[in-house]
Every structure is written in structure tokens, then in C-alpha cells.
Amino acid sequence: MRDQRMSRGENILHARLRGRESGKGQGHKNTTPIIAAFRAIEYNNPVMDYLQRLNPQQREAVTAPPGPVLILAGPGSGKTRVLTYRVAYLVGALGIRPFHILAVTFTNKAAREMEHRIVAAIGAQARGATISTFHATCARILRREADHLPFNANFVIADTDDQRRLVKDVLQELNLDPKQYSPQKLHAAISRLKNEGIFPEDFTPSSYGEKILKRVYEAYQNRLLSSNLVDFDDLLLWTLHLLQTVPAVHQRYARRFQHILVDEFQDTNLVQYELVRLLGAHHRNIFVVGDADQSIYSWRGADYRNVLRFEQDFPDAKVILLEQNYRSTQTILDAAMAVIAPLQGKHRKRLFTDRGAGQKIVVRRVPDDREEARFVVETIASLVARGQARPGDFAIMYRINAQSRVLEEAFLRAGLPYRLVGAQRFYGRREVKDALAYLRLAHNPADEVSLMRVINVPPRGIGAKTIAALRTVAQRAGLAPGALLLHMAAAPEDYQRLFSPRALKALLSFARPLAQWYSLALTTPPADLMTTILTDVGYKEYLLDGTEEGEERWENVRELHRLASRYHDEGLSAFLEEVALVSDQDTLEDADNTPILLTLHAAKGLEFPSVFIVGLVEGLLPHSRAWDNLNEMDEERRLFYVGLTRAKDQLYLTYPETRMLYGYAEPAEPSRFLEEIPPDLTTGDHPARETGGYQAPRWEPAPPQAPHREPQFHTGDKVRHPRWGTGLVIGSRIKDGAELVDVAFESVGLKRLDAVLARLEKIA
DNA sequence: GCATCGGATTTTTTT
DNA sequence: AATCCGATGC
């Protein structure tokens with residue numbers, strides 16, 4: 001009731017506002033109390049100041065009347081700004097309670113940033129709005145509504161690794177040969193079904209392969225449920241199911257979320273679309289922002305056609321195009337447009353800026369990925385040294401994570417700090433996963449994936465045989481193996497007939513502490529619980545095997561402990577959820593002024609003054625997986641487009657003549673996308689520019705390695721270093737194409753330096 | 001049950 | 001190159 005009234009009030013206010021806007025010429029004749037009130041808001045409210053700073057299209061978007069709104073926003077067109085001010089406007093100008101606002105993004109970082117900016121715009125009155133990711137929002141709803149669901153509220157979120165393990169397990173259970181039915185592919189197929197909103201029982205197989213798929217999907221889903229687990233896709237799927245089948249729940253959330261805003265709308269999948277549509281079915285206050293040209297997640301079920309669907313489902317939607325770019329130079333935009341020109345689309349954009357042409361794009365051909373990395377590091381180092389840039393101005397982007405390695409090495413070698421975006425690096429580590437599995441188990445002993453992960457780590461005499469026996473007994477008892485263990489700890493005598501003495505002893509050695517952790521988990525903060533568990537099982541001693549690697553692993557566990565200690569008040573459940581839902585982008589902190597290494601995917605939504613895109617060769621970008629698939633090829637193109645449009649001022653594009661494949665160097669062709677960039681926009685080694693030159697016949701052995709360079713410095717030379725002053729060269733040699741010079745400085749003594757990086761000069 | 005070795009297999013991108 | 005898997009020997 002109350003909600004209804006409020007939203008009617010909003011509409012009245014809004015109608016007045018619009019009337020006033022369109023009738024500007026009429027002056028201030030109409031001074032009803034409500035308009036007077038509105039003017040007071042206008043002059044006292046910071047939001048209204050900000051409105052002045054938006055361009056007409058942005059302002060139109062921000063102040064659009066409630067109802068369906070579709071914003072098609074080119075890169076750098078101020079889309080985050082529009083979203084942020086829209087929320088600020090809803091609250092500050094229309095008086096909507098934040099409680100009624102739901103803004104969804106794809107990463108926690110984006111959500112945090114939006115919240116931060118909203119608070120900056122309208123202050124503390126913004127508190128209470130739900131600004132979060134799809135997945136986190138759904139997880140919250142599921143926990144609250146667990147009564148209606150086939151799992152309970154302390155479910156744990158299964159990550160990709162868990163999911164893959166489960167599929168493998170299931171294959172074994174069904175006696176299917178994992179070589180014949182790739183777990184990877186089956187898992188992908190299951191995920192695709194889930195993203196389309198299809199539960200196992202809804203799936204009608206139409207071929208033998210699909211029959212198998214259905215069986216695996218069913219078994220997989222049963223395993224998840226019996227473990228009280230939920231995978232990423234389930235978070236969305238179960239929430240949709242809930243809204244569709246439980247009217248009371250649907251009403252509750254549809255009433256609560258009177259205004260829904262969605263960022264990166266082109267990356268929503270069908271289930272997400274349906275969620276939004278259902279939640280907004282009554283009030284229709286749905287404000288979505290997207291750019292079909294930046295759709296790069298179709299492999300994850302994202303469907304940019306949701307943009308079209310939206311237009312169909314809400315034919316009265318206000319559609320606003322944001323085309324002016326405030327980020328990049330025209331040169332960069334021209335290159336970006338050339339790259340996506342071959343794509344077909346309804347609204348082909350024209351990107352423009354008033355920033356001017358700017359610098360040409362630097363294109364660089366290099367012999368291999370190591371030289372490429374060296375080029376990147378040297379370029380950065382020399383620009384920074386000359387005071388022309390700050391280290392934090394640079395981002396280096398690549399197609400696949402494996403490419404980061406060489407880059408990291410180059411930075412390390414040069415002694416320059418860098419930051420790598422990627423959570424997997426940490427959360428994917430074995431020791432981190434082990435420690436988390438213990439915590440998950442203490443929280444939810446039914447979790448079979450976690451149980452199997454750590455039941456014999458460190459080794460405690462529970463091998464395949466014992467595990468099989470445990471599973472059989474558990475199945476007969478109708479319990480999850482973990483639950484059975486708890487019972488076993490309480491009443492070991494019941495199990496003497498069921499297990500061999502040896503197996504029973506081994507199982508009890510795990511079951512007893514498990515039971516303790518389980519009761520401890522209710523009251524103990526996560527970090528303390530972790531300490532207890534790891535001490536109980538002797539995990540530290542297990543890791544510290546005297547090797548350096550062991551030290552490193554233990555260090556990672558301690559890092560996890562530090563993270564856990566931040567959840568002292570929120571508790572274990574919150575910690576586990578947070579850990580499951582961190583995205584790669586979330587690991588990026590913008591403060592620390594160092595170059596950033598990241599995949600092109602992770603770069604979406606970010607911007608940097610200078611951007612390197614490396615590895616621009618066929619097979620990498622476009623990735624070889626896309627070679628025989630037009631849709632995927634288009635997506636590769638968009639991915640490159642996303643990368644290009646991250647740059648504000650300067651782009652560097654590099655392509656090695658070889659690429660590494662499974663540890664071997666293979667000859668590589670320049671990327672077709674690179675060739676499509678008009679050469680005029682570039683300087684350096686654009687592939688089209690070398691057509692006149694001599695080209696070695698392909699079949700001949702590769703030309704001699706990188707030109708063997710002679711040292712430029714010789715023993716006895718006098719040199720000057722920008723920081724250490726003058727010194728005497730006492731030796732020099734070429735290593736990995738770099739010249740390493742030993743210099744005795746008058747100030748600091750003996751140093752070995754890279755001649756280029758150190759900007760060493762000869763003096764007479 | 002456990003450690004070790006050799007061979008196969010892998011990688012696209014991520015909530 | 002690095003990890004995973006299975007077979008082998010203890």
C-alpha cells in the first residue's frame with residue numbers, strides 16, 4: 001500500500017518537472033506548492049548542480065521519467081556517470097527511498113565504485129540502496145528465502161574448480177569414460193542450460209549425446225543439492241525459479257525494488273534478463289545501460305540480443321544514445337571504429353570527441369614475446385624516467401592469462417613494480433583451496449566436494465578404499481558423507497561392523513576434529529577457526545617441507561588468514577561468500593601508481609592514459625578457437641575494440657613474429673584486426689607498411705635471431721648515470737638482447753646496469 | 001596407502 | 001611449461 005502511494009507521488013512530481021522543462025518559454029507562471037518544493041530541492045541539492053555538467057543526452061537519461069529506459073552508450077561516453085547520477089537523482093530529486101532501489105553491476109568493484117560516487121553526490125541519504133552484483137544479490141535472496149528451496153541457508157557457493165571436480169566425479173559414478181565425454185565440455189553444456197533457465201527435468205534430449213548430457217546434468221545437480229552447494233549459475237537460476245513459482249516472494253522483491261538499474265546490460269544472460277523483467281513487471285521502472293559492441297561474454301551465456309528483447313518487451317522504452325566520447329583521442333576512436341566496422345548492427349555508432357587527433361598509435365613488430373615484454377618495460381621506463389608519464393598511467397593488456405608471465409618476468413628483471421589483475425592467481429592455489437575447504441566443511445559438513453578435497457590432506461591413512469566404503473555407508477544411511485562422519489564421531493560403536501578397524505580408526509581421526517570444528521564454527525570468528533583447524537591437522541608442518549615453495553605456500557595461507565580476520569564481525573558465512581564471488585577486477589586497487597597487467601576481458605569498464613595491447617597475432621587475437629566460428633570471431637573483434645577504447649591518450653600495439661604454443665615457438669602472422677587499422681593512424685611497423693620490403697620465403701629456416709648487438713660500452717669508458725653521477729665502465733656484455741654494463745661509480749661503488757633502462761651516457 | 005615417475009594434456013576469456 | 005593422471009613399486 002505504502003509503496004503504491006509513494007510511487008504515484010513520484011509520478012506527479014515528475015510530470016510537473018517535465019511540464020516545466022518543455023514549457024521553458026512560459027517562465028515561472030505556475031507556482032503550485034509542489035513546484036515550489038521542487039525548486040527548493042533544485043537549488044539546495046548538489047545533484048542539480050551535477051546536472052548542469054552533463055551533456056544534453058546524459059541529462060535526458062538521468063532525468064528521464066520513471067519507466068523503462070534503454071541507454072545505448074558508447075565507450076567513454078559517461079555511462080557510469082549517468083547511472084550514478086540517475087540513482088542520485090531518484091533519491092535526491094524524486095525523493096525515492098534508497099531502500100527501493102536496486103542497481104546491479106557485474107563486478108564488486110563496479111558496485112563499490114558506484115556506491116562511492118553516489119554517496120559523493122548526495123551524501124549519506126544514499127545509504128540503504130542495494131548496489132551489488134547479480135550474483136551477490138541473488139545469493140542474499142536465496143539465503144533469506146531458503147525455506148522455499150531444496151537446500152538450506154548456509155549453502156556454500158561452488159567455484160569453477162569445484163564444479164569441474166563434481167562433473168568428473170559424476171562421470172565416474174555413471175561409469176562414463178571421461179576421455180569420451182570431456183568433463184570440460186559437459187560442464188560447459190550444463191552451464192549453458194542453466195543460463196537459459198533450464199533445470200535438468202525440463203531438458204528434453206534430442207540426441208544420444210544429449211541423453212548423456214541429461215543424465216550427467218541430473219546427477220550433477222543432485223550432487224550439488226546433497227552437498228548443500230550452489231554453483232554460480234544456480235544463484236541466478238534458483239532465484240528466478242523462486243520468483244516464478246512463489247508469488248509471495250515475487251511480490252516481496254518486486255515491491256521492494258521499485259527502481260531497477262542494470263549496468264553492462266549487453267552482458268546479461270537470459271536468466272538475468274528474466275530476473276530483471278520479472279522484478280520490474282509491475283512498476284516497469286527499469287533503467288538499463290549497455291553497448292552491444294562491447295559484448296564479450298557470450299561464452300558465459302551473455303546475449304546482447306537482450307537489448308532487442310528489452311525493446312520488444314517494453315515498446316514504450318525511452319531509448320537514448322550516448323555517443324560523445326570523453327575519454328580518447330580521435331585517432332584512437334578512428335582505429336576502434338575501423339575495427340568494428342565489419343560488424344553488422346542496428347545502430348552503428350559514430351564515435352566522436354572534441355579532444356583532437358592526439359598522438360599516432362605506435363605499432364611495433366618484435367621477434368618474440370620476450371622482446372615484446374622488453375619493449376613494453378623499456379618504453380614505460382624511459383617515459384617515466386623522462387618525466388613524461390607516471391608508472392600508473394600504463395596498462396598492458398593481453399588475450400590470455402598465460403601471456404602475463406613473460407611480462408611479469410620483464411618487470412621483475414628491470415626491478416620495476418607492477419600489478420597483476422587476477423584473483424585466480426591466489427584463490428586458485430592449492431593451499432588456499434585446501435584451507436578454504438576446511439572452513440567450508442566446518443560451516444557445512446555436507447559439502448562433499450570440500451570433504452573429498454581435504455579428507456586425506458595432510459595424509460591420514462584415508463585412501464580410495466576407505467573413501468569408497470564411507471560413501472557406500474553414507475548412501476545407505478541416506479546421509480551426506482560429511483554428515484555421516486559427524487554421527488560417527490558421536491557414536492563410533494555403531495560403525496564397528498561397517499568398517500574395518502583400520503578404516504574406522506582413520507575415519508575417526510578425521511571425524512572427531514570435524515565434529516569439534518562444526519560446533520566451533522557457530523561461535524568462532526573465521527580467522528580463529530582457521531587457526532584452530534590448521535593447527536589441529538598440522539597443516540603448517542605439512543606445507544613447510546624445507547623447500548622455498550613450501551614457504552611460499554604457507555605465506556599464502558597466512559595471507560588468507562589475514563583476509564579472514566577482516567570478517568571478525570560478519571562471520572564465516574559472509575567470508576566464504578565473499579571469497580567465492582570475488583572477481584578478477586576486484587583485486588585491482590587504483591591507488592598505487594604502478595603499471596597494470598590484465599586480460600582484455602578484465603579491462604572492460606576501465607580506462608588508462610596509455611595502453612599496450614600485446615600479442616596481436618593470429619591465433620592469440622583472434623584466438624585460434626574462434627577461427628572456424630563467425631560469431632566467436634566477431635566477439636574477438638569486439639574484444640579488441642574494448643581494449644583499444646580503454647586508452648585515453650596513447651596506444652601501443654605489438655605483434656611478435658612467433659608465438660608460444662605448448663612451450664614451443666611457432667611462426668605467427670600479424671592479427672587481421674591489426675591490419676584493418678588504417679596505417680595513417682599509426683607510426684612504426686604497421687603490417688601494411690612493409691609490403692615493399694624484402695620478405696624471406698616462408699619455408700626457409702627462420703632468419704638469424706635478433707640482430708646480435710655489439711656492446712656500446714667498453715672497459716675504460718667514462719659514463720654518467722642520472723642518479724649516481726659519473727663512473728668508470730669495467731665491463732659490458734649482451735644478455736637477452738640487453739646490454740649489461742658493470743660500472744664503478746664514484747658515489748655508490750660497483751653497479752651492474754641495463755644500459756638502456758639506466759639511461760647510461762658516455763662522456764668524453 | 002603412499003610416493004614417484006613418465007606420459008598425456010592443456011588454455012580463452014570469468015561471476 | 002606446467003599440471004594432472006595413472007601405473008608402478010614399496
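Residues numbered from 1 in each chain as written. Chains lettered and ligands numbered in written order. Predicted model: local features only at pLDDT ≥ 70, side-chain atom pairs only at ≥ 80, totals over all residues. Heavy atoms only, no water.

## Digging into unusual backbone geometry
In the segment running from Val457 into Pro458, the intervening peptide bond is cis, with an omega of -5°. Looking at where Pro458 falls in the secondary structure, it is placed in the loop between α20 (448-454) and α21 (464-477). Along the chain, Leu621 connects to Pro622 via a cis peptide bond; the corresponding omega equals 0°. Here Pro622 lies in the loop between β13 (608-613) and α28 (630-644). The backbone of Arg284 sits at a positive phi, close to 60°, despite the residue not being glycine. (Helix = DSSP H or I, 4+ residues; strand = E, 2+ residues; numbered from the N terminus.)

## Concerning the confidence of the model for chain A
Per-residue confidence for chain A averages 85 on the pLDDT scale, and 85% of its residues sit at or above 70. Here helix α1 (residues 2-22) stands out as the element of chain A with the lowest mean pLDDT, 29, in contrast to strand β6 (residues 259-262), whose mean of 97 is the highest. The low-confidence segment residues 1-43, where pLDDT is below 50, has 42 contacts with residues more than four positions distant or belonging to other chains. Per-residue pLDDT stays below 50 along residues 691-708; that stretch engages in three contacts with residues further than four places along the chain or on separate chains. (pLDDT = per-residue confidence, 0-100. Contact = heavy atoms within 4.5 Å.)

## Some points on the protein's contact with DNA strand C
Taken together, the residues surrounding DNA strand C are Lys168, Arg405 and Tyr662. Between DNA strand C and Lys168 there is a distance of 2.6 Å, counted from a phosphate oxygen to a side-chain nitrogen or oxygen. At 3.1 Å, a side-chain N or O of Arg405 approaches a phosphate oxygen of DNA strand C. (Near = heavy atom within 4 Å. Polar contact = N/O pair within 3.5 Å; in protein donor to acceptor, adjacent residues only side chain to side chain.)

## Structural notes on a nonpolar patch on the surface
A grouping of Leu661, Tyr662 and Tyr664 is seen on the molecular surface, where their side chains present a nonpolar patch of about 430 Å² in accessible area. Looking at the secondary structure, you find Tyr662 in the loop between β15 (658-661) and β16 (664-667). (Patch = residues over 30% accessible without salt bridge, like charges linked within 9 Å, V, L, I, M, F, W, Y side chains within 5 Å. Areas by Shrake-Rupley, 256 points an atom, 1.4 Å probe, with all protein chains shown as cover. Salt bridge = Lys/Arg side-chain N within 4 Å of Asp/Glu carboxyl O.)

## Focus: the environment of Gly290
Inspection of the secondary structure puts Gly290 in strand β7 (residues 286-290). A relative accessible area of 2% places Gly290 in the buried class. Each C-alpha atom of the pair Gly290 and Asp263 lies 6.6 Å from the other, and the pair is 27 residues apart in sequence. Those residues in contact with Gly290 that lie beyond four places of it in its chain are Ile71, Leu72, Ala73, Phe265 and Gln266. (Buried < 20%, exposed > 50% of the residue type's maximum accessible area, 1.4 Å probe, protein only.)

## Side note on the packing of aromatic side chains
This structure, assessed with the given rule, holds 21 aromatic pairs. Note on Phe265 and Phe310: the rings are 5.8 Å apart at their centroids and 70° apart in plane angle, and the pair reads as edge-to-face. Here Phe265, found in the loop between β6 and α13 (270-279), pairs with Phe310, found in helix α14 (residues 306-313); they are 45 residues apart in sequence, far enough to count as distant. Each member of the pair, Phe265 as well as Phe310, carries the same accessibility label: buried. An angle of 90° between the planes, with centres 5.6 Å apart, marks the rings of Tyr438 and Trp517 as edge-to-face. In this pair, Tyr438 sits in helix α19 (residues 430-443) while Trp517 sits in helix α23 (residues 501-521), placing the two residues 79 residues apart along the sequence. Neither Tyr438 nor Trp517 differs from the other in exposure class; each is buried. Through successive ring pairs, a cluster of aromatic residues spans Phe151, Phe155, Phe199 and Trp238. (Phe/Tyr/Trp six-rings, centres within 6.5 Å; stacked < 30°, edge-to-face > 60°.)

## Describing the sheet that holds strand β2 (residues 101-105)
Pairing within the open sheet is parallel, and its six strands lie in the order β3-β2-β6-β7-β1-β8. Where the open sheet ends on each side, the last strands, each with one partner, are β3 (130-133) and β8 (318-322). Within the sheet, the average angular offset between the axes of one strand and its neighbour, ignoring direction, is 15°. In terms of strand pairing, β2 meets β3 through four bridges, oriented parallel. Each bridged residue has a counterpart across the sheet, and for Leu102 the counterpart in β3 is Thr130. Packed on one face of the sheet, helix α6 (residues 108-122) meets β2 and β3 and runs near 160° to β3. (Pairing = 2+ DSSP bridges. Axes fitted to C-alpha atoms, helices over the stretch in contact; angles between N-to-C directions.)

## A look at the pattern of salt bridges
Note that side chains of opposite charge can pair when their charged atoms are close. Going through the model one piece at a time under the given rule, you end up with 46 salt bridges. For the salt bridge of Asp263 with Lys79, the shortest nitrogen-to-oxygen distance reads 3.1 Å. Note that Asp263 is positioned in the loop between β6 and α13 and Lys79 in helix α5 (residues 79-92), a separation of 184 residues in sequence. Take Asp263: its relative accessible area is 5%, and that puts it in the buried class. Note on Lys79: relative accessible area 16%, which makes it buried. Residues joined by salt bridges that share partners form a network here, namely Asp159, Asp161, Asp162, Arg165, Lys433, Asp434, Arg440, Asp447 and Arg453.

## So, the side chain of Glu448
If you trace the backbone, Glu448 turns up in helix α20. Beyond its immediate stretch of four places on either side in the chain, Glu448 contacts Arg223, Ser227, Arg471 and Pro481.

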